[in-house]
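Overview (structure and organization)
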Amino acid sequence: MWYKCSGEKKIVKFIVAKDIEAEQTKASEMQMNRVSSSELNKTLRKLRSEYTFENFVTGESNRYAWITAMKVAESPNVTVNPLYIFGDVGLGKTHLMTAVGLYMLDKNPNINVVYTTSQQFVEDYYQATTKKSINSMQEFNDHYRNADVLLVDDIQLLANKNSSQEEFFKLFEYLFENNKQIIITSDRRADELENIMMRLKSRFSWGIPVDIGAPNLELRKAILQRKLAFLISNPEDVAPEALEYIAEKFSENVRVLEGALRRYINYCVSFNIEFSLENAKTSLDSLIVPEQSNIEEEDSINVAKVKKVVANYYNITITDLASTTRKAEILFPRQVAIYLIRTLYNIPLQKIGDFFGGKDHTTISHGFDKIKKLIDTDWTVKAVIDNLTKMLK
């Protein structure tokens, strides 16, 4: 009938419901296999699947590092190479570096992402050079030199490992010359690395160094809020003041902060009690160092003393020092106060930021560095600092 009407030949195929279900099941299994293969791919590379860009909470202390890492992920070996991420323990360096690797793998599952730590690299090199097998060194080179993307954690731990440093230098040169992306994390700037050969430190500075500072109070609260979604089904059940309490008491680093939250949630779930402020205090009491409150009180007293002396000296108000204005007559005294607090009382830069209206680590660090440099080049600034120091002592 169709041929008579249209002049075209058609093949008609009848499919019963059973066949449709079979096709759907087959397609579902294929999709699951693709997902499983992708996850296996990441596991074999020792990449933690939760360390994604989406799960990295950004704030003033880490936003620039996040933006730069994202640029590298989108255009490897085009914008920045190597990417050198530095900062204190537990602030998210490994998370950010891993996020780059996961992003690249999602775009191209065949890309060879090699993750290692400095300790693992040293161990691998030791095994390659001490095994009697003639293929051991070749296997070592094949593993590392075939990388399209090399992720190296805690490069500072290569210190004093001279042979391993030499081998890593060769690897770095080989990958760089072959346009492969290199990402490195460290607990300090490249020029501050101790017992690392100068030519390696020089190579680390070829790209762009980005730092991750300690999170301020607002960022710590945002991190806790994000983490809640992974721990309980109804995050709104947790009292806001409980999160505020945890964010205030655990400011050292993100790792400690998240550990405190997990303990609090587990405590409340185990005893089937509400997620209240009082239960937060009870569950975390043993984690808070007894002397911590005394230290915080002492820090507050010392900061207040510095603010008062500096404000009187420059004939401004204490409120001016903590304000957001960048007028020269306020900004310079503020930087002087920051320098004095840091040098006289050794208070962490991020904590100093909290005393100055929640300013981020980068701002405080910049103020400190500026006065430090001026002391060496401007005798009038040195005289002011010496005078204020005597007044404070």
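Our subject is the structure that appears above.
Structure report, in brief. (Residues numbered from 1 in each chain as written. Predicted model: local features only at pLDDT ≥ 70, side-chain atom pairs only at ≥ 80, totals over all residues. Heavy atoms only, no water.)

1. Considerations on the overall build of the protein
Per the secondary structure count, the protein includes 18 helices and five strands. A total of 393 residues make up the protein; the buried ones form 42% of that total. A separation of at least 24 residues holds for 72% of the contacts in the protein among residues at least 6 apart in sequence. When the accessible area of the protein is evaluated, it comes to approximately 22300 Å², of which 52% is carbon and sulfur surface. (Helix = DSSP H or I, 4+ residues; strand = E, 2+ residues; numbered from the N terminus. Buried < 20%, exposed > 50% of the residue type's maximum accessible area, 1.4 Å probe, protein only. Contact = heavy atoms within 4.5 Å. Areas by Shrake-Rupley, 256 points an atom, 1.4 Å probe, with all protein chains shown as cover.)

2. A closer look at the packing of helix 3 (residues 63–74) against helix 4 (residues 93–107)
The contact between helix 3 and helix 4 brings their axes to 9 Å, and the two run at 30°. Judged on the interaxial angle alone, helix 4 and helix 3 are roughly parallel. Here helix 3 runs over helix 4; the crossing is right-handed. Side by side, helix 3 and helix 4 meet where A65, W66, A69, M70, V72, A73 and E74 of the first sit next to L96, V100, Y103, M104 and K107 of the second. A breakdown of the residues in the contact of helix 3 with helix 4 according to their chemical character gives 10 nonpolar, no polar and two charged. (Axes fitted to C-alpha atoms, helices over the stretch in contact; angles between N-to-C directions. Parallel < 35°, antiparallel > 145°, perpendicular 65-115°, else oblique. Left-handed = near helix turned anticlockwise from the far one by under 90°. Nonpolar A, V, L, I, M, F, W, Y, C, P; charged D, E, K, R; others polar.)

3. Some remarks on unusual backbone geometry
Omega for the peptide link from N81 to P82 comes to 0°, which places this bond in the cis form. A positive phi is found at N195, a non-glycine position, where the angle reads about 60°. Inspection of the secondary structure puts N195 in the loop between strand 4 (181–186) and helix 8 (198–204). The exposure class of N195 is partly exposed, given its relative accessible area of 49%. Positioned with a positive phi, N272 is a non-glycine residue whose angle comes to about 55°.

4. A word on the layout of surface pockets
A probe as big as a water molecule, rolled over the atoms, marks out the empty space that is left. Taken as a whole, the largest pocket encloses approximately 1600 Å³ of empty space. Taken together, the elements giving at least two residues each to the lining of the largest pocket come down to strand 1 (83–87), strand 5 (208–212), helix 9 (217–231), helix 10 (240–249), helix 13 (292–314), helix 16 (349–355) and helix 17 (361–377). With six residues, the single largest contributor to the lining of the largest pocket is helix 17. Taken as a whole, the second largest pocket spans an internal volume of roughly 780 Å³. Along the wall of the second largest pocket there are 34 residues; nearest its centre are Y51, G92, H95, V254 and E258. Those elements giving two or more residues to the lining of the second largest pocket turn out to be helix 4, helix 9 and helix 11 (254–270). Among the elements that line the lining of the second largest pocket, the one with the most residues is helix 9, at five residues. Taken together, the residues of the lining of the second largest pocket sort by class into 12 nonpolar, 10 polar and 12 charged. (1 Å grid on protein atoms, 1.4 Å probe; cavity = no way out; pocket = protein on both sides within 12 Å on 5 of 7 lines; lining within 4 Å. Points joined across faces, edges and corners; volume = space filled by probe spheres on them.)

5. A word on helix 3
Taking 1.5 Å per residue, 12 residues should reach 16 Å; helix 3 reaches 17 Å between its end C-alpha atoms and fits that length. Taken together, the buried positions of helix 3 are occupied by A65, T68, A69, M70, V72 and A73. Lining the buried residues of helix 3 we find strand 1, helix 4, strand 4 and strand 5. (Expected span 1.5 Å × (residues − 1).)

6. Observations concerning the environment of R189
In this fold, R189 is placed in the loop between strand 4 and helix 8. A sequence separation of 33 residues divides R189 from Q156, and the C-alpha atoms of the two residues are 9.6 Å apart. If near-sequence neighbours (up to four positions away) are discounted, R189 is found in contact with Y84 and F86. For R189, the side chain forms a polar contact with the side chain of D191, separated by 3.1 Å. (Polar contact = N/O pair within 3.5 Å; in protein donor to acceptor, adjacent residues only side chain to side chain.)

7. Let's talk about the sheet that holds strand 5
Strand order in this open sheet of five strands is 2-3-4-1-5, and the pairing throughout is parallel. Looking at strand neighbours, the two that pair on one side only are strand 2 (113–117) and strand 5, the edges of this open sheet. Here the strands of the sheet are splayed against their neighbours by 15° on average, with no regard to which way each runs. Seen against the sheet, helix 5 (residues 118–130) touches strand 2 and strand 3 (149–153) and runs at an angle of roughly 95° to strand 2. (Pairing = 2+ DSSP bridges.)

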